[in-house]
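Chain by chain, the residues run as shown.
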Amino acid sequence: MPCASDSDSGSVDLQLGNLEDIKKQPSSLELTEASSNVFLLVLDSDITEIPGLPRESLTDTSRHLTHQGPLGEVVAEQLIQSIQEFFNGELKSELEKLTALRSLSSLSRTLPSDETTESFIHSHIADIVHLLSTLVEEEPLQSLFSPVLQEVFITITDFSYQDVYLLFGSEDRADLFSLVTKSVIALPSTHPQEIMPGGSYNSECLYRQTFQAFVEMLQSLVIKDRHLENLDIIFKHMDPWLQSDKDHERERATTSMTQVLKCLFKHLSLQLPVRFQRLGHLVALMALLCGDPLKEVAEEAAEGTHYLLHITLRLKCITYDKKNRQSLKRAMKKCRELLELYNIKQFYSCPFRIAQVFEVFLNSNELYQFVMATLDGLKNLKHPHTQRSAGELLIALVKTAQSRFEKVPEIMGALCALLSTISQPKVRQQITNIVSLFLSRPKYTDTVIDHLLCHPVPYGRHLAELWRTLEVELPKTTWILWRLLRKLQKCHDSGTQKKMAYVAVAVTDALYEVFVGNRLRAATFRLFPQLLMTLLVQVHHTIGLTMSDVAIPSGLYPEQEVSSEVTPLCALLERNHLLAHKVMYLLVPFLNRGNDKHKLTSAGFFVEESRQVLTICARFLKWKLPQAVYCKAPWFINPSDVATICKFFVRER
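Residues numbered from 1 in each chain as written. Predicted model: local features only at pLDDT ≥ 70, side-chain atom pairs only at ≥ 80, totals over all residues. Heavy atoms only, no water.

## Quick notes on the packing of aromatic side chains
Thinking step 1. In this structure the tally under the stated criterion is nine aromatic pairs.
Thinking step 2. Counting every residue linked through ring pairs, the aromatic cluster contains F153, Y207, F211 and F214. (Phe/Tyr/Trp six-rings, centres within 6.5 Å; stacked < 30°, edge-to-face > 60°.)

Okay, here's the thing in structure tokens:
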């Protein structure tokens, strides 16, 4: 395993003593930068001694051009003339294509000193980009037997060293970036024994050279990337490939991203403003890749995560708010303490430990990016191992980040949507556990409940399962149940509404599912009197109503799915007759000893349940029921009959 020391017992000694210097010179960003260097000093030495780490299989730094002196003016003019011919003509043979590309590379060397060349290149950028795009498009996607791609990458690299970026700045350049990336990452899986027909090229060797040229091209884009804007663009293009279902594509993308991070780390010289806005997303993907089932991917990701940790620390040191200097100090100290708990091998091979360490530096928006990117890992149906890693990663992050999240409704929406696509019981339980963690944080309880209540009732099987299987620590169960209860009570307190609030129906259904799941049993007993009375009042409010009498939020139901004849109470009672019968025994005393509201409510419950039970109870009480009880039509169609029956019970006290 890469990034694993020879001794499993060795810990990472980060020597953070110099952080005390921050107190002495609080305004010094340079000192903070120096402290960060000390902070990760030993990690640098450790990673060079790790047996499993690739030994410069690709170039260690960006490719340095070897110039043989400036080109003469006559030679430059000849190159310009020939390149113009290439623009206007058609390149058919491989030799013509290579000649055109090498001419462009040669011309780029005169840029610092030749005004004519500079004027020509800057006025023909679109032509150069078009030429490169055409050459790449003409290469067969599944071909490993042409050096043209390699030469395209070298040409782009040479221009980048002269601060002419052919992959940034316009739509056609962005298209070229996508094209060259696909041309390498999507190549078929290679095998050393593959030889080009005729024996002139070893395809494995040519592939390695081409891939190395591609990586050097990417590195040339970040070697002067002081604001990380180029890193941001590179990551956007590599993102889908890092999540590819094909192992060889994911491996190439991970290797490329790791080499970019390595080059950036070695040449890091950050300046404000920093324009890399996807740190949380990148950390999440690299952490998931560290747990990839393919060993080669995990090893590459481990190395890349090492460099990313360096970059993150430097990034936070330069962008931190001076007013929150102590906060940064605490974050660095916590990071040190976490890393000291693990040896190198444990740290880089365990995604949830990576989450613990990086979390201390991520702001609320970056935490949201982390969560959403990890949720994509839960969708990875082809790799159950990645699914489980994603679940563990999220649980670890939510536990450690406590109350620093934003956009919780969006997170809940994504989690609930996943339930309908994931069948693995363990992964489904992980999702439930994540929702439970958010639900148990007082800061988020109402937010999570409000989101879960905005679903059609009766709840579908996925949401019903979520309510029934909540995993909440015992001290938090009463709080959650109390918040549900209060939402229902508030609906009863506002008597001016023309229609029943939809949340009242939704909370009633949620309570039903919670009771059936019986996971909050202790809290249910503790709040039993309040729960019973509140639900009785809800029954009272529900008598004679249909769903057309409920203020349903727009867009929640398709019109054809809402029956105006179905009563909210009936929709709940039909779910569990045994439970309904047990409740009726609790309600019988209210028929004789309760006040008018209690009597009407209790009678209404019996009315909604069944004529048979109502008749039995009437015999027990020696009452003569009104004729409306024996009407053959369903009671919910004739609310006036229900009212007659309910008034009878009040009168017959």
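## Observations concerning the confidence of the model for the chain
Low pLDDT means the predicted atomic positions in that stretch should not be read closely.
Thinking step 1. Chain-level pLDDT for the chain is 76 on average; 69% of the residues reach the 70-or-more range.
Thinking step 2. Across residues 1–69, where pLDDT falls below 50, the model places 146 contacts with residues more than four positions away in sequence or in other chains.
Thinking step 3. Between residues 192–200, whose pLDDT stays under 50, and residues either more than four places distant or in other chains, the model counts 12 contacts. (pLDDT = per-residue confidence, 0-100. Contact = heavy atoms within 4.5 Å.)

## Things to note about the pattern of salt bridges
Thinking step 1. Evaluation of the coordinates by the stated rule reveals 17 salt bridges.
Thinking step 2. Residues K224 and D163 are paired through a salt bridge, measuring 3.2 Å at the closest nitrogen-oxygen approach. Taken together, the residues span a long stretch of sequence, with K224 in the loop between helix 10 (203–222) and helix 11 (229–242) and D163 in the loop between helix 8 (148–161) and helix 9 (171–185) at a distance of 61 residues.
Thinking step 3. By relative accessible area, which is 44% here, D163 ends up partly exposed.
Thinking step 4. With a shortest N-O distance of 2.8 Å, R250 and D247 are connected by a salt bridge. With a gap of three residues between them, R250 and D247 both fall in helix 12 (residues 247–266), about one helical turn apart.
Thinking step 5. Taking the relative accessible area as the measure of exposure, R250 reaches 4% and is therefore buried. (Salt bridge = Lys/Arg side-chain N within 4 Å of Asp/Glu carboxyl O. Helix = DSSP H or I, 4+ residues; strand = E, 2+ residues; numbered from the N terminus. Buried < 20%, exposed > 50% of the residue type's maximum accessible area, 1.4 Å probe, protein only.)

## A short note on unusual backbone geometry
Thinking step 1. In this structure, the amide linkage connecting L272 to the following residue, P273, adopts the cis form with an omega of 0°.
Thinking step 2. Located in the positive-phi region is D163, a residue other than glycine, with phi close to 65°.
Thinking step 3. You will see that K407, though not glycine, has its phi angle at about 55°, which is positive.
Thinking step 4. Along the chain, the position of K407 falls in the loop between helix 19 (384–401) and helix 20 (408–419).
Thinking step 5. According to the relative accessible area criterion, K407 is partly exposed, its value standing at 39%.

## Re the environment of P351
Thinking step 1. The residue P351 is located in helix 17 (residues 351–359) in this model.
Thinking step 2. Put simply, P351 and L394 are 43 residues apart on the chain and 9.9 Å apart in space, counted from C-alpha to C-alpha.
Thinking step 3. Apart from residues lying up to four places away in sequence, P351 is in contact with A287, G291 and L393.

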